[in-house]
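# Commentary on secondary and tertiary structure
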Amino acid sequence: MKLNRNTKIMLASVVILYLLSGIANLLDSRVGDLPVRLCAISYLGHLTLCTLYVIYTRRNITQPDVKYYITSSVVYLYGWLIIALMEEVIFPVEHPGNRVLWYMQYIPMLMIPNLLFMASLYLNKHESQRMHNAWWLTFVVTFLIIIGVMTNDIHGLAFVFVDGINSFYQGHGFRILYYIAMTWMFTMFFGCAISLWQKARVRKRASYIWIVFIALGIGILYFAWWMGGRSKFTWIKDMYNIPQVLEAFILFTTEICMRFGLIGANSNYREFFEASQLSVSLVDAEGGVRYQTAGQIPIERDDMMRSLLGDVYIDEDHRLHGQSVSGGYVFWVNDLSSINKVAKELRQVQTELEEDNNLIAAENDMIARRAKADEQNKLYTMLAQQMQPQLDRIGDIVQHIQPSDADFEEKLALASVYKVYIKRACNLMLLRQNDSILHGFELENSIRESLEYIQLNGIECKYTSSVSGNFDADDLLRTYNYFQEIVEANIENMKSISVNLSVGADRINLRMDIDGRVYDKEIIVPVHGEQKMLAPQINFVGGGAGK
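Analysis parameters
Residues numbered from 1 in each chain as written. Predicted model: local features only at pLDDT ≥ 70, side-chain atom pairs only at ≥ 80, totals over all residues. Heavy atoms only, no water. Helix = DSSP H or I, 4+ residues; strand = E, 2+ residues; numbered from the N terminus. Contact = heavy atoms within 4.5 Å. Areas by Shrake-Rupley, 256 points an atom, 1.4 Å probe, with all protein chains shown as cover. Phe/Tyr/Trp six-rings, centres within 6.5 Å; stacked < 30°, edge-to-face > 60°. Buried < 20%, exposed > 50% of the residue type's maximum accessible area, 1.4 Å probe, protein only. Expected span 1.5 Å × (residues − 1). Salt bridge = Lys/Arg side-chain N within 4 Å of Asp/Glu carboxyl O. Core = buried A, V, L, I, M, F, W, Y, C linked by side-chain atoms within 4.5 Å. Patch = residues over 30% accessible without salt bridge, like charges linked within 9 Å, V, L, I, M, F, W, Y side chains within 5 Å. Axes fitted to C-alpha atoms, helices over the stretch in contact; angles between N-to-C directions. Parallel < 35°, antiparallel > 145°, perpendicular 65-115°, else oblique. Left-handed = near helix turned anticlockwise from the far one by under 90°. Nonpolar A, V, L, I, M, F, W, Y, C, P; charged D, E, K, R; others polar. pLDDT = per-residue confidence, 0-100. Pairing = 2+ DSSP bridges.

On to the overall build of the chain. The secondary structure content of the chain amounts to 18 helices and 14 strands. Counting only contacts in the chain whose residues sit at least 6 apart along the sequence, the fraction spanning at least 24 positions is 63%. Carbon and sulfur atoms make up 57% of the accessible area of the chain, which totals about 29300 Å².

Structure representation (structure tokens):
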């Protein structure tokens, strides 16, 4: 794990500030007749650390849920330090308000481990993944224990005061609710550590998380020493109380997780750039290239600056983009060679379609003048009538697009959906001319090829099919036309499509699920001849990069 100079300075500053705050506490307890309470300065140092760490986590942790829970735990720690400062500096020991402040310390004491436990559960999860509702019950338990502690004056189930509640400062004993609270707190901490260890095993970094277990063990020893009366090593008590020790645990644990990649953070970019196959450069404010992927093509400085104002074409097949980021710029290059190839093929298709349209128009004119036409003319008329809407849509798309258009790729992908329908529908019609009985496999192949082109539009596709037997070609074509009608009606806003085709026995069943809307078509048909083959179940899942 490599640390840059700024990171080393930041971490050294945190350690020094933490040690100086502890020394201020030690001097305050050991040296009398000081003009100011050094413990107040110590608390100010710890509060500064918490404030800086909230800013640090907000800027560096990239996963929203993890960022929220870790930041919330530091905010609770911030409140705990304020409560401890008020209890020690503002109120006299015998003041009744001190008892309330003492109870209030159990709010952050119980909430912090619960928040850290939830943060550990969200590690390595996608932003769209939500936690199972059962885990929220941990907060219910935490809230009930907090309420029980805060109402101890009523029932006395957490603490008992030897000389009465008004003399609470002279000593107290512990009751069952206190032990429940401590058990629950350490359960959350252990749950957090175990969750980190499991996530680290998946990432093959489990050896690093033993550091967290060591830190947790030190915390347990500190707590046992605190509960045992603190008769030895009293200088530790004078330097750091429980909230300050917990502060070190939180800061240390989260920093370890960020440094070793368990928590997504805005750092360690070198590994990404070394492994990435993209064409990306990260440039500082002075124009110096700090990181660059191996696949990045050479970029002129003038092109970099111009790309910040708009896309720049380096050559016919490469388009440069630029974006300002904190402390510099990021530049990336899109390879348009495959798109240009598709555009060239579409232009060829356009030429062919124009020729076909002219031929069909001539044939239609001949049919209008002649009372009787041969079978081939009838076929072309039928194809023209059936395919004309799709031909018009393709012609309109191709006529109005340019490679420089922002939605160039989306329009090409949309045109391909109409193109493949024309191809497959015409194929079924031509096959029907030779044989009115076709195998159900022809319909299965037609729908599968259409879905392959639909996924180019950034749509998630899933396809399962079970096909056997021979059927009337008209029934197969009617089913494929129904599929195309539903696709064309929804493709503009479609996000996902799931298709299940069942062809066999005495029926054809087509079930489509588009973004939660179900379309179901079933045709009862006779089967012709023996079942020559049984198509295996096909699972086709795909999806583009999104619109």
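Inspection of every chain in the model, using the stated rule, returns 18 aromatic pairs. Relative to tyrosine 480, the ring of tyrosine 421 lies with its centre 5.4 Å away and its plane at 35 degrees, an arrangement referred to as tilted. With a gap of 59 residues between them, tyrosine 421 in helix α16 (residues 408-434) and tyrosine 480 in helix α18 (residues 473-490) connect regions that are remote in the sequence. What makes tyrosine 421 buried here is its relative accessible area of 4%.

Within the fold, isoleucine 299 resides in the loop between β4 (289-292) and α13 (301-307). Owing to a relative accessible area of 17%, isoleucine 299 belongs among the buried residues under this scheme. The sequence separation of isoleucine 299 and phenylalanine 331 amounts to 32 residues, and the corresponding C-alpha distance is 9.2 Å. Beyond its immediate sequence surroundings of up to four residues, isoleucine 299 is in contact with Met304, Leu320 and Val333.

Moving on: the environment of serine 466. On the secondary structure map, serine 466 appears in strand β9 (residues 460-467). Measuring from C-alpha to C-alpha, the distance between serine 466 and leucine 501 comes to 6.4 Å, with 35 residues separating the pair along the chain.

Right, let's talk about helix α5 (residues 106-122) for a bit. Relative to the 24 Å expected for 17 residues at 1.5 Å per residue, α5 spans 25 Å between its end C-alpha atoms, a close match to the ideal helical length. Counted residue by residue, α5 has 16 buried out of 17 residues, so it is predominantly covered.

The backbone phi angle of aspartate 515 is positive, close to 50 degrees, even though this residue is not glycine. Relative to the helices and strands, aspartate 515 resides in the loop between β12 (507-514) and β13 (517-524).

So, about the pattern of salt bridges. For the structure on display, the rule yields nine salt bridges. The closest approach of N and O atoms between arginine 448 and glutamate 444, which form a salt bridge, is 2.9 Å. You can see arginine 448 and its partner glutamate 444 sitting in helix α17 (residues 441-454), four residues apart, about one turn around the helix. A residue is classified by how much of its surface remains accessible, and arginine 448, at 24% relative accessible area, is partly exposed. Residue aspartate 520 is joined to arginine 511 by a salt bridge in which the shortest nitrogen-to-oxygen separation is 3.5 Å.

Counting 57 residues, the largest nonpolar core has Tyr106, Phe159 and Ile250 as the members making the most contacts within it. For this core, the secondary structure elements donating two or more residues are α2 (38-60), α3 (64-90), α4 (96-104), α5, α6 (137-150), β1 (159-161), α8 (176-202) and α11 (242-259). Take this core: its biggest share by element is twelve residues, from α5. Beyond its immediate sequence surroundings of up to four residues, tyrosine 106 is in contact with Ile146, Val149, Phe159, Tyr178 and Met182. One finds Met429, Ile447, Leu451 and Met512 within the second-largest nonpolar core, a separate group that totals 55 residues.

Once that is clear, we can look at a nonpolar patch on the surface. A cluster of nonpolar residues, Ile16, Leu20, Ile23, Leu27 and Val31, forms a patch on the protein surface that exposes about 420 Å² of accessible area. Mapped onto the elements of the fold, isoleucine 23 is located in helix α1 (residues 5-30).

Bringing the packing of α3 against α4 into the picture now. Helix packing for two helices is described by the angle between their axes and how far apart those axes are. For the pair α3 and α4, the least separation of the axes is 9 Å and the interaxial angle reads 155 degrees. Judged by the angle between their axes, α3 and α4 are roughly antiparallel. The chirality of how α3 crosses α4 is left-handed. In this structure, α3 uses Ile83, Met86 and Glu87 to contact α4, whose residues at the interface are Asn98, Leu101, Trp102 and Met104. Of the residues that constitute the contact of α3 with α4, the class distribution is five nonpolar, one polar and one charged.

Of note, serine 450 is situated in helix α17. With sequence-adjacent residues up to four places away left out, serine 450 is seen in contact with Val420, Tyr480 and Phe483.

It is worth spelling out the confidence of the model for the chain at this point. Confidence along the chain averages 77 in pLDDT terms, with 76% of residues attaining 70 or more. For the chain, per-element mean pLDDT is lowest for strand β14 (residues 540-542), which scores 43, and highest for α6, which scores 93. Throughout residues 530-547 the model reports pLDDT below 50, and contacts reaching past four residues in sequence, or to other chains, amount to 49 contacts.

This next bit is on α6. Here α6 spans 20 Å end to end across 14 residues, near enough to the 20 Å set by a 1.5 Å rise per residue. All of the buried residues along α6 are Thr138, Phe139, Thr142, Ile145, Ile146, Gly148 and Val149.

As a further point, take the pairing of β13. Taken together, the eight bridges between β12 and β13 define a ladder with antiparallel strand orientation. For isoleucine 508, the partnering residue across the bridge sits in β13 and is isoleucine 523. Where β12 folds back onto β13 in an antiparallel hairpin, the turn is made up of two residues, including aspartate 515, whose phi is positive at roughly 50 degrees.

Further remarks concern the side chain of asparagine 481. Looking at the secondary structure, you find asparagine 481 in helix α18. A relative accessible area of 15% means that asparagine 481 is categorised as buried. Ignoring sequence-local partners within four residues, the contact set of asparagine 481 consists of Gln386 and Tyr421.

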